[in-house]
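Observations on the three-dimensional arrangement
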Amino acid sequence: MNNHVIRYNHKILKDKSLVLEVLQGDFSISSLRLSRNILYSDRLYNPHFDLLHDMREARMNFTLEEHTTYLHYLGKEAKVFTQRKAAILTSEATLAKYSEWFGTFNGKYDVEFRVFSSLGKSLEWINPDIAEMEIAGELEKLRTASFSQCFKEPNAFTGF
């Protein structure tokens, strides 16, 4: 995958109260904001649904301070955080870094963050009644979908 192209896709599983997201490529804080705006504008989005962020093919190219400022905005100003779980699915190589990073946000917001390198373990934590094979299939569809949101830095939609 071209590192300058960012792919984002999501699916809201209303019957499971779960939002699935797939992020691919190098995300800056501005591209992360754009992906959040896409999600929050979905008419099915519910801030009470748990989240599963598949970031196994994504790289976060921003500082902890930038991310903390952005999360503070989401939690306090935009009020999109409610009592729910957010599982971050990442590669084994970034597990320790993201675990430490996202762990610093727990207790500051209503969302509880946990980082996993296994889909099964992340689903076990979110809701053990959700079938792993079903979610694995949904994530694969999102990862390879031709209708993903694709954009480059600067954003191809706005030119910024």
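For clarity, every value in this text was computed on a predicted model and none was experimentally measured.

Right, let's talk about the overall build of the protein chain for a bit. The secondary structure content of the protein chain amounts to five helices and six strands. Secondary structure elements in the protein chain, listed N-terminal to C-terminal, are β-β-α-β-α-β-α-β-α-α-β. Here the protein chain, with 160 residues, has 48% of them falling under the buried criterion. Pairs at least 24 apart in sequence give 76% of the contacts found in the protein chain among residues at least 6 apart. Only carbon and sulfur atoms are counted for the fraction: they give 52% of the accessible area of the protein chain, which is about 8,300 Å².

So, about the environment of Arg33. In this structure, Arg33 sits in helix H1 (residues 29-40). In sequence terms Arg33 and Leu74 are 41 residues apart; their C-alpha atoms lie 9.9 Å from each other.

Most of strand E4 (residues 84-89) sits out of view: five of its six residues are buried. Here strand E3 (residues 50-60) runs beside E4; their pairing, made up of four bridges, is parallel. For His53, the partnering residue across the bridge sits in E4 and is Ile88. Taken together, the six bridges between E4 and strand E5 (residues 111-116) define a ladder with parallel strand orientation. Within E5, the position partnered with Ala86 by the bridge is Phe113.

Our next topic: the nonpolar core. Counting residues in hydrophobic clusters, the biggest one holds 32 residues, and the most contacted among them are Met60 and Phe113. Going through the elements one at a time, strand E1 (5-13), strand E2 (18-27), H1, E3, helix H2 (64-77), E4, helix H3 (95-103) and E5 are the ones with two or more residues in this core. At five residues, the largest contribution of residues to this core is made by H1. Ranked by size, the runner-up nonpolar core spans 16 residues in total, among them Leu52, Ala87, Phe116 and Ile135.

In this structure the tally under the stated criterion is seven aromatic pairs. Among the aromatic residues, those joined into a ring-pair cluster are Phe62, Tyr98, Trp101, Phe102 and Phe113. Sitting over the face of the ring of Trp125, Lys85 holds its NZ or CZ atom 5.1 Å from the ring centroid.

Right, let's get into helix H4 (residues 119-126). Each full turn of the α-helix corresponds to 3.6 residues, which orients residues three or four apart in the same direction. Among the eight residues in H4, six count as buried, and that is most of the element. Three or more residues of H4 are buried, namely Leu119, Gly120, Ser122, Leu123, Trp125 and Ile126. Against the buried residues of H4 lie E2, E3, E4, E5 and helix H5 (132-144). The backbone nitrogen of Gly120 lies 3.3 Å from a side-chain oxygen of the residue at the head of H4, namely Ser118.

We now examine the side chain of His53. Within the secondary structure, His53 is located in strand E3. A relative accessible area of 10% places His53 in the buried class. In this structure the side chain of His53 is engaged in a polar contact, spanning 2.5 Å, whose partner is the side chain of Glu21.

Cut-off values and rules
- Residues numbered from 1 in each chain as written.
- Predicted model: local features only at pLDDT ≥ 70, side-chain atom pairs only at ≥ 80, totals over all residues.
- Heavy atoms only, no water.
- Helix = DSSP H or I, 4+ residues; strand = E, 2+ residues; numbered from the N terminus.
- Buried < 20%, exposed > 50% of the residue type's maximum accessible area, 1.4 Å probe, protein only.
- Contact = heavy atoms within 4.5 Å.
- Areas by Shrake-Rupley, 256 points an atom, 1.4 Å probe, with all protein chains shown as cover.
- Pairing = 2+ DSSP bridges.
- Core = buried A, V, L, I, M, F, W, Y, C linked by side-chain atoms within 4.5 Å.
- Phe/Tyr/Trp six-rings, centres within 6.5 Å; stacked < 30°, edge-to-face > 60°.
- Lys NZ or Arg CZ within 6 Å of the ring centre and 35° of its normal.
- Polar contact = N/O pair within 3.5 Å; in protein donor to acceptor, adjacent residues only side chain to side chain.

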